[in-house]
Amino acid sequence: SARRCDVTGGRRCPGRVRGCLLDLPWEDILVPHILCHLPLQQLLSLQRVSKSFQSLIQLYLANMRCFDSSQIGPAIPRAAFVNLLKDNEVLQQLALQNCSDWLTDRELLPVIGQNHHLHQIQLKGCAQLSRHALVAISLSCPNLRQLCLAHCEWVDSLSLRSLADHCKALEAVDLTACRQLKDEAICYLVQKCSRLKSLSLAVNANVGDAAVEETAKCCPELEHLDLTGCLRVKNDSIRVLAEYCPKLRSLKVKHCHNVAESSLSILRSRGVELDVEPPLQRALVLLQDVVGFAPFINLQI
C-alpha cells in the first residue's frame, strides 16, 4: 500500500476534520501528480518543514525523471548535487548546462553509471569534465536520443567513437565548438548513427566538405544542420547535402565564406530555412542602411 504520513509525525490531531497534504498516497498521488509541478528549489525548501516532508522529498528525488540544474541556480554545492541524485536510478533527462564552476567527472560519473534510462543529456559549457565523461555516457546510456556537448573542448575523437559505437539511436547531437574533432571523427559518428535528425558542427575550423558529405549520405532523416563558422566547408558539399537530404528543414552557414548562393539556391528553392539572405536581398538592405529610407526599393524580391 502507498505510504501515508501526517505532518505531525504520525500523530492524529484530535477533532481534525480536514486532512493533511501528507495523508494523500505518496507514490500514487503526491510524487507523480503534485510534486512534479513544483519548482525544484521549492521542493528542497520543503525538506525543512518536518521530518515527514523530508522523507517525502527524498522519495520524490529518488523517483525524479528529469533533473535540470537551472531550476536550483548556477552554483550548486558539489556535495548537494551528489546528495540530490544519490538514490535515483530512473532519470530520463539530465540538464547540467553551464556548470563549469563545480561539475567534474567525480560528481557526474556516479549519476551516469546508475542511470541507464537516460535519453536526453545536456552538458553545454561543462568545461571541467573530461573524455571519461563521454565514455561513461556511451557505456551507460544505450537509449540516448539527444546529447548536447556544445563548448566542451575536452571531447576528442576517441571518446566520440565510443559514443558512436554504443549510442546508435542518437537523433540530435550538438558538437558546437568541440574543436578537437576533425572530419574523420564526424564521419565515423554519422556512419554509426544514421538516425540523426539534428547535428551542430558549428565553430569548428577543422570541419570540411568530407564531414558534410558523409553526413548527407549517411543521415537521410537529417532535418537541421548547423555549420556556422566552418570555414573549410565549400559549395560542393552543400550540393551533396541538397541531393541526399530531402527532409532538411534548416541549414546554418553564416561565416562559411566559401559557401555561395550557387549552392544555397537549390535548398532555398525547396523552402529550406537558411540563415543568410540572397545576395541581392543583402545588397538592397545595405543600400537602404546607407541612403536611409528609399521607397523605390522593393525588399520583397
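- The name that an unreviewed UniProt entry assigns to the chain is F-box/LRR-repeat protein 15, with the source organism given as Catharus ustulatus.
- Quoted verbatim from the Subcellular location (unreviewed entry) field of the UniProt record, the comment on the chain reads "Cytoplasm".
- Word for word, the UniProt comment on the chain under Pathway (unreviewed entry) is "Protein modification; protein ubiquitination."

## Some thoughts on the overall build of the chain
- Each helix and strand counted, the chain has 12 helices and nine strands in total.
- When each of the 301 residues of the chain is scored for burial, the buried share is 46%.
- The contacts in the chain between residues at least 6 apart in sequence include a share of 68% that link residues at least 24 apart.
- Roughly 15300 Å² of accessible area belongs to the chain as shown, and the carbon and sulfur atoms make up 51% of that amount.

## As for the environment of Leu196
- Examined against the element boundaries, Leu196 turns out to sit in the loop between helix H8 (183-192) and strand S6 (198-200).
- The exposure class of Leu196 is buried, given its relative accessible area of 0%.
- For the pair Leu196 and Leu170, spaced 26 residues apart in sequence, the C-alpha separation works out to 6.0 Å.
- Sequence-distant contacts of Leu196, defined by excluding residues within four places in its chain, comprise Leu170, Glu171, Ala172, Val173, Val190, Cys219, Glu221 and Leu222.

## Notes on the nonpolar core
- Judged by nonpolar contacts, the single largest core of 90 residues is most densely connected at Phe67, Leu227 and Leu251.
- The element contributing the most residues to this core is helix H3 (residues 51-63), with six residues.
- If we skip the residues at most four places from it in the chain, Leu227 touches Leu201, Ala202, Val212, Val233, Ile238, Leu251, Lys252, Val253 and Cys256.

## Some thoughts on the pattern of salt bridges
- In the structure shown here, the tally under the stated rule is eight salt bridges.
- Between Arg232 and Asp183 there is a salt bridge, with its nearest N and O atoms 3.9 Å apart. Pair noted here: Arg232 is in the loop between strand S7 (224-226) and helix H10 (235-244) and Asp183 is in helix H8, with a separation of 49 residues, a long-range link.
- By relative accessible area, which is 12% here, Asp183 ends up buried.
- Ionic pairing is found between Lys247 and Glu221, a salt bridge with its closest N-O pair at 2.6 Å. You can see Lys247 sitting in the loop between H10 and strand S8 (250-252) and its partner Glu221 sitting in the loop between helix H9 (209-218) and S7, a full 26 residues away along the chain.

Reading guide: rules and limits
- Residues numbered from 1 in each chain as written.
- Predicted model: local features only at pLDDT ≥ 70, side-chain atom pairs only at ≥ 80, totals over all residues.
- Heavy atoms only, no water.
- UniProt positions renumbered as here; feature names shortened; annotations may be inferred.
- Helix = DSSP H or I, 4+ residues; strand = E, 2+ residues; numbered from the N terminus.
- Buried < 20%, exposed > 50% of the residue type's maximum accessible area, 1.4 Å probe, protein only.
- Contact = heavy atoms within 4.5 Å.
- Areas by Shrake-Rupley, 256 points an atom, 1.4 Å probe, with all protein chains shown as cover.
- Core = buried A, V, L, I, M, F, W, Y, C linked by side-chain atoms within 4.5 Å.
- Salt bridge = Lys/Arg side-chain N within 4 Å of Asp/Glu carboxyl O.

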